[in-house]
Amino acid sequence: MITIQSYTKSLQPLPCGPKASCIKGGQAFMFYVSLCMLALGAGGVKGSLAALGADQFDRDDPKEAKSLASYFNWYQMSVTVGSLIGVTGVVWVSMNKEWYWGFLIGLLAAFLGFLSLAAGKPFYRIKPLGTSPIVKIAQVISVAIKNRKLSVADNSNRLYEIEDKERDPSEEKVLHTNQFRFFDKAAILQEGTKPEPWQVCTITQVEEVKILTRMLPIIASTIIMNTCLAQLQTFSVLQGVFTNPKLGSIKIPTPSIPVIPLLFMSLLLPIYEFIIVPFARKLTGHPSGITQLQRVGVGLVLSVISMGIAGLVEVKRRDQFNKNPLKPMSLFWLAFQYAVFGIADMFAMVGLMEFFYKEAPSGMRSLSTSFALISLSFGYFLSTAFVHIINAITEKVTPSKQGWIHGDINHNNLNLFYWFLAIVSFLNFGNYLYWASWYKYREDKIEGDNNGKVWDKSSSTPKVEFTQE
């Protein structure tokens, strides 16, 4: 739809002049519907594709478990390469040929991707469909509220659970934990009550909800990092307008500035996979080299450093432009902040996807891998809120009565806003450390073992202990 609209002149609005927007009527309807469909389709693909690929590995096979750790790196690599092509080749075609060609290239690429996905269908390992995770969550919350006045027994053996032979093929048995005991009330089978859905829930079903609940603080702790990403992607383009975009005889288009972190990621992901992971694996014994939460933590630290660098670079850019507008700073000074943040994104985003997939219950993996995208979405919303809040506050307290980020980027205090985000990111990292240390990795019984042995998912080797419940 958006390709058709960009090609057909009659479906495009007339020039707006000083107005912010003048699209209306059928043109507006077609435009916004196409954007909503794009968001819906992208959300469905990104939310399920990572989980579908990871489902092709058998986590009980040591070789495939090790390959699973590498899969998320290569998944992120493919996303990075696609983005790299988008901000270079597609941008060049749109600016030098015809605008609609950029959308047409995206349309053709999406169609080829669909054909590739369909062609591989006979070879996929398809997990059996189970009950909707939303329904499971609703059942546990509903029954727990209904049983809120009941007391939970200290012995979890008194809570309701079904035999393995009765279990849904899509469901893994999850051991009982003592966190969030309120949810245990959903597994109390009252006398005279039949074990039916919406009347009682199994321990496994309750623990699945507990796992998702434990993940929520981790998700929340990564929102600030995505807020920083949103600011870099917007303000860096504005900064690029007032820099020297030439590299020798090559002129870099301003919309292609995001190519800088993508280049670093495309170079560093193979280095990380082939050099850093094997080395770290020898030191720690972990299949991924370091745990997923440690990887996210590294990303959060690097995001703090990136925002600090961004503030320093902005001071240099602004001062040099105001001193001599005809000789602005080189565009490639922005590479420093982008490079560090690109590495941060490589650590945090891949770590999050792997963490959510491995920790999630088997029937909720597509839902949980979407949590990384939820964090990204909230980060972008918070980005807009921060800009308005900071402007509103600084307009009242600064002598000039202008906000830090008023209209003219060459005479405002964007550097102070970057440093504000660096401070907030540092405080957020402290918050993350608390929740990451608090988080209890899930433990599952080894299949076929009746002695109470468990497998510690946070380690690469079996952690054998005998549970007393």
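Since this is a predicted model, take the numbers as computed values, not measurements. (Residues numbered from 1 in each chain as written. Predicted model: local features only at pLDDT ≥ 70, side-chain atom pairs only at ≥ 80, totals over all residues. Heavy atoms only, no water.)

Describing the overall build of the chain
Then step 1. Each helix and strand in the chain was counted, giving 13 helices and four strands.
Then step 2. In the chain, buried positions account for 44% of the 469 residues.
Then step 3. Taking as baseline every contact in the chain between residues at least 6 positions apart, the subset at least 24 positions apart corresponds to 75%.
Then step 4. Split by element, the accessible area of the chain, about 25100 Å² in all, is 66% carbon and sulfur.
Then step 5. In the chain, which carries 44 positive and 34 negative side-chain charges, the distance between the mean positions of the two groups comes to 10 Å. (Helix = DSSP H or I, 4+ residues; strand = E, 2+ residues; numbered from the N terminus. Buried < 20%, exposed > 50% of the residue type's maximum accessible area, 1.4 Å probe, protein only. Contact = heavy atoms within 4.5 Å. Areas by Shrake-Rupley, 256 points an atom, 1.4 Å probe, with all protein chains shown as cover. Lys, Arg positive; Asp, Glu negative; His and termini not counted. Charge placed at Lys NZ, Arg CZ, Asp CG, Glu CD.)

Looking at unusual backbone geometry
Then step 1. Positive phi, normally seen in glycine, also occurs at F180, with a value near 50 degrees.
Then step 2. Tracing the backbone shows F180 in the loop between α5 (133–146) and α6 (203–221).

Remarks on the pattern of salt bridges
Then step 1. All told, the structure shown has seven salt bridges when counted by the stated rule.
Then step 2. For E208, the salt bridge identified is with K136, shortest N-O distance 3.4 Å. With E208 in helix α6 and K136 in helix α5, the pair connects residues that are 72 residues apart, well separated along the chain.
Then step 3. The buried category is assigned to K136, whose relative accessible area is 8%. (Salt bridge = Lys/Arg side-chain N within 4 Å of Asp/Glu carboxyl O.)

Examining the side chain of E207
Then step 1. Tracing the chain through its elements places E207 in helix α6.
Then step 2. A residue is classified by how much of its surface remains accessible, and E207, at 1% relative accessible area, is buried.
Then step 3. Within the local environment of E207, its side chain forms a polar contact with the side chain of T177, the two groups lying 2.8 Å apart. (Polar contact = N/O pair within 3.5 Å; in protein donor to acceptor, adjacent residues only side chain to side chain.)

What to know about the nonpolar core
Then step 1. With 77 residues, the main nonpolar core has F72, M215, L293, F355, F356 and F417 as its most contacted residues.
Then step 2. Apart from residues lying up to four places away in sequence, F355 is in contact with M215, I218, Q292, L293, Y439 and Y441.
Then step 3. C201, I203, V206 and V209 belong to the second largest nonpolar core, which has 12 residues in total. (Core = buried A, V, L, I, M, F, W, Y, C linked by side-chain atoms within 4.5 Å.)

Digging into the environment of V90
Then step 1. Following the sequence through the fold, V90 ends up in helix α3 (residues 62–96).
Then step 2. Among the residues examined, V90 registers a relative accessible area of 19% and is labelled buried.

With respect to the packing of aromatic side chains
Then step 1. The tally for this structure, following the rule as stated, stands at 22 aromatic pairs.
Then step 2. Each ring, one from F417 and one from F420, has its centre 6.3 Å from the other, and the planes form 20 degrees; the classification is stacked. Of this pair, F417 and F420 both sit in helix α13 (residues 414–438), separated by three residues, roughly a single helical turn.
Then step 3. By relative accessible area, F417 is classed as buried at 0%.
Then step 4. Looking at F420, the relative accessible area reads 25%, which means it is partly exposed.
Then step 5. With a centroid separation of 5.2 Å and 90 degrees between ring planes, the pair formed by W435 and W438 is classed as edge-to-face. Highlighted residues: W435 and W438, both in helix α13, separated by three residues, approximately one helical turn.
Then step 6. Positioned above the aromatic ring of W333, the side-chain terminus of K316 is 4.6 Å from the ring centre. (Phe/Tyr/Trp six-rings, centres within 6.5 Å; stacked < 30°, edge-to-face > 60°. Lys NZ or Arg CZ within 6 Å of the ring centre and 35° of its normal.)

Notes on helix α7 (residues 223–241)
Residues separated by three or four positions in an α-helix point in the same direction, a consequence of the helix having 3.6 residues per turn.
Then step 1. Along its 19 residues, α7 runs 28 Å from first to last C-alpha, staying within 8% of the 27 Å computed at 1.5 Å per residue.
Then step 2. The element α7 is largely enclosed, with a buried count of 14 among its 19 residues. (Expected span 1.5 Å × (residues − 1).)

Here we look at a nonpolar patch on the surface
Then step 1. Together, W74, I271, F274, I275 and I276 line one region of the surface with nonpolar side chains, adding up to about 500 Å² of accessible area.
Then step 2. Among the elements that take part in the nonpolar patch, helix α8 (residues 259–284) stands out by supplying four residues, more than any other.
Then step 3. Among the structural elements, I271 can be located in helix α8.
Then step 4. For I271, a relative accessible area of 39% corresponds to the partly exposed category. (Patch = residues over 30% accessible without salt bridge, like charges linked within 9 Å, V, L, I, M, F, W, Y side chains within 5 Å.)

Focus: the side chain of N147
Then step 1. With respect to the helices and strands, N147 occurs in the loop between α5 and α6.
Then step 2. For N147, a relative accessible area of 2% translates into the label buried.
Then step 3. Once residues lying within four places of it in the same chain are set aside, the contact partners of N147 are K185, A186, I188 and Q190.

Regarding the packing of helix α2 (residues 25–54) against α3
Between two packed helices, both the angle of their axes relative to each other and the distance between the axes serve to describe the pair.
Then step 1. Orientation of α2 relative to α3, taken along the N-to-C sense of each, is 145 degrees, at an axis distance of 10 Å. The interaxial crossing formed by α2 with α3 has right-handed handedness. Seen from α2, the contacting residues are K46, L49, A50, G53 and A54; seen from α3, they are L68, Y71, F72 and Y75.
Then step 2. Partitioning the contact of α2 with α3 into residue classes produces seven nonpolar, one polar and one charged. (Axes fitted to C-alpha atoms, helices over the stretch in contact; angles between N-to-C directions. Left-handed = near helix turned anticlockwise from the far one by under 90°. Nonpolar A, V, L, I, M, F, W, Y, C, P; charged D, E, K, R; others polar.)

Section: α3
Then step 1. Between its first and last C-alpha atoms α3 spans 51 Å; for 35 residues at 1.5 Å apiece the expected length is 51 Å, and the two agree.
Then step 2. G86 marks where α3 bends most, by close to 30 degrees. (Bend = angle between axes of the 7 residues up to and from the residue.)

Some details on the environment of F264
Then step 1. In this fold, F264 is placed in helix α8.
Then step 2. Exposure remark for F264: the relative accessible area of 34% places this residue in the partly exposed category.
Then step 3. F264 sits 71 residues away from A335 along the chain, and the two C-alpha atoms are 9.4 Å apart.
Then step 4. Among residues more than four places away in sequence, those in contact with F264 are A335 and A339.

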